[in-house]
Amino acid sequence: MSSSTALSARGSRLALLVVGLCWLAVLFDGLDMFIYGSVLPHLLETKTFGITPDKAGDLGSYATFGMLVGALTAGTVADRIGRKQLMVACVTLFSLASGICAVSGSLAVFGLGRTLAGVGLGGLLPTAISMVSDYARGGRIAITIGVLMTAHHAGGILSAYVAKWLVDPFGWRSAFWVCVLPLLFVPVLLKLLPESLSFLVAKGRTEEATALADRYEVELPAVAGRKTAADRWDALLGLFRGGEWLQTLLYWLASFGGLLLVYGVATWLPTLMRTEGYELANALTFVVVFNLGGIVGMLVAGRAADRFGAPRIAAIWFALTAAGVYLLSVHLPMGVTTLVVFLTGVFLNSAQTMIYATVSIRSTAGNRATAVGWTSGMGRFGAVFGPWLGGQLLAAGNGDWGFTAFALAGVSSMVFIGIAALRSARQPQAGNDREKLVAAH
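Residues numbered from 1 in each chain as written. Predicted model: local features only at pLDDT ≥ 70, side-chain atom pairs only at ≥ 80, totals over all residues. Heavy atoms only, no water.

### Let's talk about the side chain of Thr337
Then, number 1: Of note, Thr337 is situated in helix H14 (residues 334-362).
Then, number 2: With a relative accessible area of 2%, Thr337 lands in the buried category.
Then, number 3: Excluding residues within four positions of it along the chain, Thr337 makes contact with Met273, Tyr278, Phe286 and Leu332. (Helix = DSSP H or I, 4+ residues; strand = E, 2+ residues; numbered from the N terminus. Buried < 20%, exposed > 50% of the residue type's maximum accessible area, 1.4 Å probe, protein only. Contact = heavy atoms within 4.5 Å.)

### Quick notes on empty space enclosed by the protein
Then, number 1: Applying the stated rule across the entire model yields four cavities of 30 Å³ or more.
Then, number 2: Each pocket or cavity is described by its volume, and for the largest cavity that value is around 90 Å³.
Then, number 3: Phe34, His152, Val262, Tyr263 and Asn349 are the residues nearest the centre of the largest cavity, which is lined by ten residues in total.
Then, number 4: Of all elements in the fold, only helix H1 (3-46), helix H5 (141-170) and helix H11 (244-275) reach the threshold of two or more residues within the lining of the largest cavity.
Then, number 5: At three residues, the largest contribution of residues to the lining of the largest cavity is made by H11.
Then, number 6: Across the lining of the largest cavity, the residue classes break down as six nonpolar, four polar and no charged. (1 Å grid on protein atoms, 1.4 Å probe; cavity = no way out; pocket = protein on both sides within 12 Å on 5 of 7 lines; lining within 4 Å. Points joined across faces, edges and corners; volume = space filled by probe spheres on them. Nonpolar A, V, L, I, M, F, W, Y, C, P; charged D, E, K, R; others polar.)

### A word on H14
Then, number 1: With 29 residues, H14 extends 42 Å from end C-alpha to end C-alpha; this agrees with the ideal 42 Å at 1.5 Å per step.
Then, number 2: Remark: the principal bend of H14, roughly 35°, maps to Ala351.
Then, number 3: Of all the 29 residues making up H14, 21 are buried; the element is thus mostly covered by neighbouring parts of the structure. (Expected span 1.5 Å × (residues − 1). Bend = angle between axes of the 7 residues up to and from the residue.)

### With respect to the pattern of salt bridges
Then, number 1: All chains considered together, the criterion is met by two salt bridges.
Then, number 2: Here Asp32 makes a salt bridge to Arg114, at a shortest N to O gap of 3.1 Å. Here Arg114 lies in helix H4 (residues 107-135) and Asp32 lies in helix H1, a separation of 82 residues in the sequence. Side by side, Asp32 and Arg114 carry an identical accessibility label, which is buried.
Then, number 3: Here Glu45 and Arg274 are joined by a salt bridge, their closest N and O atoms 2.4 Å apart. With a gap of 229 residues between them, Glu45 in helix H1 and Arg274 in helix H11 connect regions that are remote in the sequence.
Then, number 4: Using a relative accessible area of 46% as the deciding quantity, one classes Glu45 as partly exposed.
Then, number 5: Exposure remark for Arg274: the relative accessible area of 26% places this residue in the partly exposed category. (Salt bridge = Lys/Arg side-chain N within 4 Å of Asp/Glu carboxyl O.)

### A few points about the packing of helix H12 (residues 280-308) against helix H13 (residues 310-327)
Then, number 1: Direction vectors running N to C along H12 and H13 enclose 125°, while the axes themselves pass 7 Å from each other. Considering the angle they form, H12 stands oblique to H13. Of H13, the residues touching H12 (which contributes Ala301, Ala304, Ala305 and Phe308) are Ala310, Arg312, Ile313 and Trp317.
Then, number 2: Of the residues that constitute the contact of H12 with H13, the class distribution is seven nonpolar, no polar and one charged. (Axes fitted to C-alpha atoms, helices over the stretch in contact; angles between N-to-C directions. Parallel < 35°, antiparallel > 145°, perpendicular 65-115°, else oblique.)

### Side note on the environment of Leu31
Then, number 1: Here Leu31 shows up in helix H1.
Then, number 2: Taking C-alpha positions, Leu31 is 7.5 Å from His152, a pair spaced 121 residues apart along the chain.

### Examining the packing of aromatic side chains
Then, number 1: Throughout the structure, instances matching the rule amount to 13 aromatic pairs.
Then, number 2: Measuring from ring centre to ring centre gives 6.3 Å for Tyr36 and Phe110, while their planes differ by 45°; the resulting arrangement is tilted. Here Tyr36, found in helix H1, pairs with Phe110, found in helix H4; they are 74 residues apart in sequence, far enough to count as distant.
Then, number 3: Considering the side-chain rings of Trp172 and Phe176, the 5.9 Å spacing of their centres and the 80° angle between planes classify their relative orientation as edge-to-face. With Trp172 and Phe176 both in helix H6 (residues 172-178) and four residues apart, the pair spans about one turn of that helix.
Then, number 4: The exposure class assigned to Trp172 is buried, which follows from its relative accessible area of 8%.
Then, number 5: According to the relative accessible area criterion, Phe176 is buried, its value standing at 0%.
Then, number 6: Chaining the aromatic ring pairs together yields one cluster made of Tyr36, Phe49, Phe110, Trp172 and Phe176. (Phe/Tyr/Trp six-rings, centres within 6.5 Å; stacked < 30°, edge-to-face > 60°.)

### Section: H11
Then, number 1: Here H11 is 32 residues long and its end C-alpha atoms lie 44 Å apart, about the 46 Å a rise of 1.5 Å per residue gives.
Then, number 2: Maximum bend of H11: about 60°, positioned at Trp268, with proline Pro270 one to four residues after it.
Then, number 3: Counted residue by residue, H11 has 24 buried out of 32 residues, so it is predominantly covered.
Then, number 4: Looking one or two residues past H11, Gly277 carries a phi angle of roughly 100°, positive in sign.

### Description of the nonpolar core
Then, number 1: In this structure, Cys22 and Phe406 are the most contacted members of the largest nonpolar core, which totals 126 residues.
Then, number 2: Ignoring any residue separated from it by four or fewer positions in sequence, one finds Cys22 in contact with Met87, Ala128, Met131, Val132, Leu148 and Leu193. (Core = buried A, V, L, I, M, F, W, Y, C linked by side-chain atoms within 4.5 Å.)

### Here's the deal with a nonpolar patch on the surface
Then, number 1: Residues Ile143, Val147, Val296, Leu299 and Val300 make up a contiguous nonpolar surface patch of about 350 Å² in total accessible area.
Then, number 2: Counting residues per element, the ones that place at least two in the nonpolar patch are H5 and H12.
Then, number 3: In terms of residues, the nonpolar patch owes the most to one element, H12, which gives three residues.
Then, number 4: With respect to the helices, strands and loops of the structure, Ile143 is situated in helix H5. (Patch = residues over 30% accessible without salt bridge, like charges linked within 9 Å, V, L, I, M, F, W, Y side chains within 5 Å. Areas by Shrake-Rupley, 256 points an atom, 1.4 Å probe, with all protein chains shown as cover.)

Listed below in structure tokens is the structure:
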């Protein structure tokens, strides 16, 4: 074997190692995110802590509010302590927070655990995506991130099986104890995961970065100029100059509706399916099917956008999502419902990503990162609102309206992203940043 071939093989092994470790971390992220929705029907039926549907909706919003905080602070913290250390901190935080839920003796303590878990969950995903982007082999960043994102939905599938296998015989606390187990993964991350090359270069640790890059034949990233606070404010104000304010607000509203839909359905799917008359076991099976659809959707959406354009796919995806979610409110034969749940998962879980792709394509190179970041940030308020909305509808005895309300959110996002796309006649800028957009989700 030649020297260059050996180096290339080592580089591929390093990329597989980083992607594999990050995939497992995101798997645990998905497990912790979805576990609440999977055990929620049991909590409501047993009236644990005196929980009611409106309080359950509040609890769901606590986690998504924590995710908002985690996502907004992740970049700043990672720049200070490094991406590897932040990933370790996030896994540790949401694992310990699940332990708080498992031992909680009151609704307030349980809510604290979910909020802290949300902070860790919100910080992990963008950091993991940045890590795999650093080490992905040339030309494979997009597919690498697509593979990484399947881990989140694999975690959702795992959460349904944890609930099905453990909650009835051992109680709901056992499910949250399972979510503490990722603590055992922390020493593995500390030992095997390399630090981000971008972080090493940015911190001036060039010798360390160069040695690592040469050792595994990984391309060393260029040194990026630091943006001042004035630069960041100017980029933000640029989103509102020259009549761009309407375009920006349309993107923000579309993102709000999209994440309301994503996290509302993720939290309430098993419970709402129970209100439609399905047995708990079947309702949890729908969680599995829904997340299988999410895995397929993440792998299909990018290719569809490449061929037909992200704005068009975003509008179509939201229309199909709205139709699928609405059909879930109709009690259909089991086989038909299962197919509808799968297809809804395909479109719902990737529709939001298409918003970020659209924003990126319609933005200038100078303000693209700011435009995508703020579109994601505004959308996360929808992520907080979605679980709360489901709880309020159930508390008012309007559970049948739950899927209809979420379907209307999908219709609104379709309208907003469609109008925004039609208003913009600009051509895509040089380069394609879609591989970085899933981090905003």
